[in-house]
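Structural overview
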Amino acid sequence: MTRRYSALSLLKEGLSGQKGWQPAWDDRPLKPRYDVVIIGGGGQGLATAYYLAKTHGITNVAVIEKGWLGGGNTGRNTTVVRSNYFFPESVRLYDLSLKLYEKLSIELNYNIMLSQRGMVSLAHTPAEMEMSARVVNAMQINGTDAELLDADGVRQRLPIHHGGPDARYPALGGIWQGRAGTARHDAVAWGYARAASKLGVDIIQQCEVEDFLIEGGRCRGLRTSRGEVRADRVGMAVAGHSSVLATKAGFRLPVTSYALQACVSEPVKPILDTVVLSPGTGTYASQSDKGEIVIGGALDRVPSYGQRGNLPVLETVIAGLLEMFPAFRQLKLMRQWAGIVDVVPDSSPILGESPLPGLFLNGGWGTGGFKAIPAGGTLLAHLLATGQHHDISRPFDLDRFTTGRLIDEAAGSGIAH
Amino acid sequence: MQIFSCPFCGPRPETEFHFGGEAGNDRPHGGASVPAQDWAAYLHLRHNPKGAAREIWMHTTCLEVFVMERDTLSMRAEPGQALGGHA
Ligand SMILES: Cc1cc2nc3c(=O)[nH]c(=O)nc-3n(C[C@H](O)[C@H](O)[C@H](O)COP(=O)(O)OP(=O)(O)OC[C@H]3O[C@@H](n4cnc5c(N)ncnc54)[C@H](O)[C@@H]3O)c2cc1C
Ligand SMILES: [Zn+2]
């Protein structure tokens, strides 16, 4: 029976015909009641369950997922992790996440393939160069690593970038964050699921939450496609479906759902060893361990729950990429897909108790919540365990839309993922 | 490329249109006497329906604003209707 992953267990299993491996998590039936139930088996929901068990000792927990683990945005995202945000509140959140990611493979005993290969955000115009300097200053003041690159610095890090005198998008410089990089998306979901299951959390797949059990104005549980389940507290991490569930719970959210698409090329030999983002062309790319160029860009402009992208945005993304990297013109695209993301007016997440007491929210991550999975899980677990905000989550409460204390990262750092 | 239909110009490519918000989200009257909650609801809270939606769109080439009924899951869009004074 092999449960722990190590070089030794790999060797032992190799010699004994790979017969002793255990399923990574147990398939258990839904019990009628739990201390905490979490809706959504993406990275955010699974991380929440893990930290509830690990940090707070609350193990009578279920994660309820309508499809399969990580089949939402967690398994569809382009896996960029970074903390190059503008506002102190955001840097505290995303830097906590990056720090947790840095230790995660060891903590979970699961290789999440974190590759801190660094990220360049290109500046193509003098105005973008000034904005880059401003963001770098803000990041340094907020205590995270950031460096302002000049044109030479970009050339050194991105020799394949076409920045010559005839270039349409020359790079005058850019923002460098060396600790940024990528991680394996499925592994993050599966690693948290396996570790949570081991601590006693029930992971229930193929079970859709259909409604809330509301008694005395409080959320007391859920009605699911597999029957009712009761819980003292309920957490919700359903990304693009936040409004659908909020409607059932009787409130509205400051969320509009859009499709965000991505695509990958055929695999090629190593050619791009950093993550590159060009806010000006609305394109970003990295090369996966398999050799594929992973390409993403901006949101589709039409609100949507249809999990597929539209052509105009794909065209813009690819056109920008090929202008900057003419070598990629030979590549063939293998796959294109989209996920439904929950976009909030200030491009910052929503964390906190919902207008329905007993129901706690983790959502509004929009285009960038993969990098935030360890932090989002930590913070929702704290809320569910204590009923109170963590210092890092408090600024992200829903009340900011009434008080006007928005954390406008779209304006601050011009975020994309 | 999806085709949307402007009530004034007819069928045009989606890139000529701009999403203007949910229809029926009326601005509260009363200025400073309107409670913060009502302003917040008007400015930020959305139904964001999965399926049938009634939305305000602008055709950015003729600059007309109109109502469009759309299904946000199938992406089927009905021809736009001119605003009859009230959304
Ligand atoms: C194309 C694309 C590229 C992206 N790139 C990046 C990136 O590079 N970096 C980054 O940081 N972020 C990126 N993101 C965003 C990131 O993927 C998400 O913010 C993040 O995965 C959100 O995690 P989650 O667990 O909240 O959501 P999800 O993984 O979507 O999980 C939510 C789960 O809830 C389930 N669910 C919904 N309704 C119900 C119900 N009624 N009952 C039960 N279960 C339900 C869904 O099936 C789903 O599995 C990208 C997103 C997309 C689509
Ligand atoms: Zn028109």
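Analysis parameters
- Residues numbered from 1 in each chain as written.
- Chains lettered and ligands numbered in written order.
- Predicted model: local features only at pLDDT ≥ 70, side-chain atom pairs only at ≥ 80, totals over all residues.
- Heavy atoms only, no water.
- Helix = DSSP H or I, 4+ residues; strand = E, 2+ residues; numbered from the N terminus.
- Buried < 20%, exposed > 50% of the residue type's maximum accessible area, 1.4 Å probe, protein only.
- Contact = heavy atoms within 4.5 Å.
- Areas by Shrake-Rupley, 256 points an atom, 1.4 Å probe, with all protein chains shown as cover.
- Axes fitted to C-alpha atoms, helices over the stretch in contact; angles between N-to-C directions.
- Parallel < 35°, antiparallel > 145°, perpendicular 65-115°, else oblique.
- Nonpolar A, V, L, I, M, F, W, Y, C, P; charged D, E, K, R; others polar.
- Salt bridge = Lys/Arg side-chain N within 4 Å of Asp/Glu carboxyl O.
- Pairing = 2+ DSSP bridges.
- Donors = N, O, S within 2.8 Å, 3.2 Å for Na, K, Ca; no water.
- Tetrahedral: all angles 85-135°; square planar, octahedral: opposite > 155°, others 65-115°.
- pLDDT = per-residue confidence, 0-100.
- Phe/Tyr/Trp six-rings, centres within 6.5 Å; stacked < 30°, edge-to-face > 60°.
- Lys NZ or Arg CZ within 6 Å of the ring centre and 35° of its normal.

Across its full length, chain B holds one helix and six strands. The order of α-helices and β-strands along chain B, N terminus first, is β-β-β-α-β-β-β. Taking the principal axes of its C-alpha atoms as reference, chain B extends roughly 45 × 25 × 20 Å. Every one of the 87 residues in chain B was classed for burial, and the buried ones make up 34%. Summarising the internal contacts of chain B: among those between residues at least 6 apart in sequence, 43% fall at separations of at least 24. A total of about 4,900 Å² of accessible surface is found on chain B, and carbon and sulfur atoms cover 55% of it.

Moving on to the packing of helix α3 (residues 88-108) of chain A against helix α9 (residues 373-386) of chain A. All names here are of chain A. With their axes 7 Å apart at the nearest point, α3 and α9 run at an angle of 105° to one another. If you check the angle between α3 and α9, you find them roughly perpendicular. Residues Leu93, Leu96, Ser97, Leu100, Tyr101 and Leu104 of α3 form the contact with α9, whose own contacting residues are Ile373, Pro374, Ala375, Thr378 and Leu379. Residue composition of the contact of α3 with α9, grouped by class: nine nonpolar, two polar and no charged.

Another point: the pattern of salt bridges. All names here are of chain A. A complete count under the given rule lists 22 salt bridges over all chains for this structure. Note that Arg28 is salt-bridged to Asp202, the shortest N-O span being 2.7 Å. With Arg28 in the loop between α1 (7-15) and β1 (33-39) and Asp202 in strand β8 (residues 202-204), this residue pair connects regions lying 174 residues apart in the sequence. Note that Asp95 is salt-bridged to Arg179, the shortest N-O span being 3.2 Å. With Asp95 in helix α3 and Arg179 in the loop between β6 (173-177) and β7 (181-182), the pair connects residues that are 84 residues apart, well separated along the chain. The network of salt bridges with common partners includes Asp95, Lys99, Glu102, Asp145 and Arg179.

Residues and elements named next belong to chain B. In space, the four strands of this open sheet follow the order β3-β4-β5-β6, with antiparallel pairing throughout. Because the sheet does not close on itself, it has two edges, and the strands there are β3 (17-22) and β6 (81-82). Relative to strand β4 (residues 52-59), β3 runs antiparallel, the two sharing five bridges. Bridge pairing links Glu22 to Glu55 in β4.

All right, on to the coordination of the zinc ion (ligand 2) then. All names here are of chain B. Every protein donor of the zinc ion (ligand 2) is accounted for by Cys6 (SG), Cys9 (SG), His59 (ND1) and Cys62 (SG), and the metal-donor separations fall at 2.0 to 2.3 Å. Between the four donor atoms coordinating the zinc ion (ligand 2), the angles at the centre fall across 107 to 116°, so the site counts as tetrahedral. Read from N- to C-terminus, the donor residues coordinating the zinc ion (ligand 2) fall into the pattern C-x2-C-x49-H-x2-C. On the basis of relative accessibility, which here comes to 29%, the residue Cys62 falls in the partly exposed class.

Low pLDDT marks stretches whose predicted atomic positions should not be read closely. Put simply, chain B has an average pLDDT of 95, and 97% of its residues get 70 or more. ipTM for the predicted complex: 0.95, alongside a pTM of 0.96.

Counted by the stated rule, this structure contains 15 aromatic pairs over all chains. Here the aromatic rings of A:Tyr94 and A:Trp365 are separated by 6.5 Å at their centres, their planes lie at 75°, and the arrangement is edge-to-face. Placement of the pair is A:Tyr94 in helix α3 and A:Trp365 in the loop between β18 (359-363) and α9, with a sequence separation of 271 residues. Residue A:Tyr94 is classed as buried on the basis of its relative accessible area of 4%. Members of the aromatic cluster, connected to one another through ring pairs, are B:Phe4, B:Phe17, B:Phe19, B:Trp57 and B:Phe66. Positioned above the aromatic ring of A:Trp176 is the side chain of A:Arg157, whose terminal nitrogen or guanidinium carbon lies 4.0 Å from the ring centre. The side chain of A:Arg194 reaches across the aromatic face of A:Tyr5, ending 3.7 Å from its centre.

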